[in-house]
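Chain residues, written in single-letter form:
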Amino acid sequence: MSTDILTELAKTLEQRKLASSDSSYVASLHAKGLNKILEKVGEESIETILAAKDAINSDDKTHLVYETADLWFHTLVMLSHLDLGPEDVLNELARRFNLSGLEEKASRSQ
């Protein structure tokens, strides 16, 4: 189910990329360019980190989930802007699946 949501969201983001920036938030981000999209990814990253720090002392993790969804959304917009999609990231995660984290990290430095 979760990959279905990512696939459907990616399709919607591609459609909105071509929409009028007056009628679509996604189109307005694309119209403003990669730097604006990266600014949003950075902003959402910070908000996610702060929500995680707050969540450590709370039984309610709702805000952390909300901020993580914002971060994922804006990251998907970034990938779309660069003609990539969630399948590219999922394929990379699948490639790493049977590697230990230490092995994977070591392979990047070669």
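Basis of the calculations
Residues numbered from 1 in each chain as written. Predicted model: local features only at pLDDT ≥ 70, side-chain atom pairs only at ≥ 80, totals over all residues. Heavy atoms only, no water. Helix = DSSP H or I, 4+ residues; strand = E, 2+ residues; numbered from the N terminus. Contact = heavy atoms within 4.5 Å. Areas by Shrake-Rupley, 256 points an atom, 1.4 Å probe, with all protein chains shown as cover. Lys, Arg positive; Asp, Glu negative; His and termini not counted. Charge placed at Lys NZ, Arg CZ, Asp CG, Glu CD. Expected span 1.5 Å × (residues − 1). Buried < 20%, exposed > 50% of the residue type's maximum accessible area, 1.4 Å probe, protein only. Axes fitted to C-alpha atoms, helices over the stretch in contact; angles between N-to-C directions. Parallel < 35°, antiparallel > 145°, perpendicular 65-115°, else oblique. Left-handed = near helix turned anticlockwise from the far one by under 90°. Nonpolar A, V, L, I, M, F, W, Y, C, P; charged D, E, K, R; others polar. Salt bridge = Lys/Arg side-chain N within 4 Å of Asp/Glu carboxyl O.

Within the protein, the regular secondary structure consists of 6 helices and 0 strands. Reading the protein from its N terminus to its C terminus gives the helix and strand order α-α-α-α-α-α. The C-alpha extent of the protein, read off along each of the three principal axes, is 45 × 40 × 30 Å. A fraction of 55% describes how many contacts in the protein between residues 6 or more apart in sequence connect residues 24 or more apart. Carbon and sulfur atoms provide 58% of the accessible area of the protein, an area that totals close to 7,900 Å². Charge separation in the protein, taken as the distance between the mean sites of 12 positive and 19 negative side-chain charges, equals 4 Å.

Okay, helix H4 (residues 62–81) next. Look at H4: 29 Å from first C-alpha to last across 20 residues, which is about the 28 Å you get at 1.5 Å a residue. Turning to H4, its buried residues are Glu67, Leu71, His74, Leu76, Val77, Met78, Leu79 and Ser80. Positioned one or two residues after H4, Asp83 has a phi angle of 60°, which is positive.

Okay, the environment of Leu29 next. Structurally, the position occupied by Leu29 is in helix H2 (residues 25–32). Looking at Leu29, the relative accessible area reads 2%, which means it is buried. Here Leu29 is in contact with Lys36, Ile37, Lys40, His74 and Val77, once residues within four sequence places are set aside.

Our next topic: unusual backbone geometry. Backbone geometry at Asp83 places phi at a positive 60°, although glycine is not the residue there. Inspection of the secondary structure assignment puts Asp83 in the loop between H4 and helix H5 (86–96).

Glancing now at the environment of Lys32. Of note, Lys32 is situated in helix H2. Along the primary structure Lys32 and Ser21 are separated by 11 residues, whereas in three dimensions their C-alpha atoms are 9.3 Å apart.

Before going further, it helps to examine the packing of H2 against H4. Contact pair H2 / H4: the axes reach a minimum separation of 11 Å and the direction vectors enclose 50°. As judged from the angle between their axes, H2 and H4 are oblique. Seen from above, H2 lies across H4 with right-handed handedness. Residues Tyr25, Val26, Leu29 and His30 of H2 form the contact with H4, whose participating residues are Phe73, His74, Val77, Ser80 and His81. In the contact of H2 with H4, the residues fall into 5 nonpolar, 4 polar and no charged.

Along the chain, the position of Glu67 falls in helix H4. Notably, Glu67 is buried but unbridged: the nearest opposite-charge side chain belongs to Lys40, and the N-O separation is 8.6 Å. With residues up to four places along the chain from it excluded, the contact list for Glu67 reads Glu44, Glu47, Thr48 and Ala51.

Any functional reading would require information beyond the geometric quantities listed.
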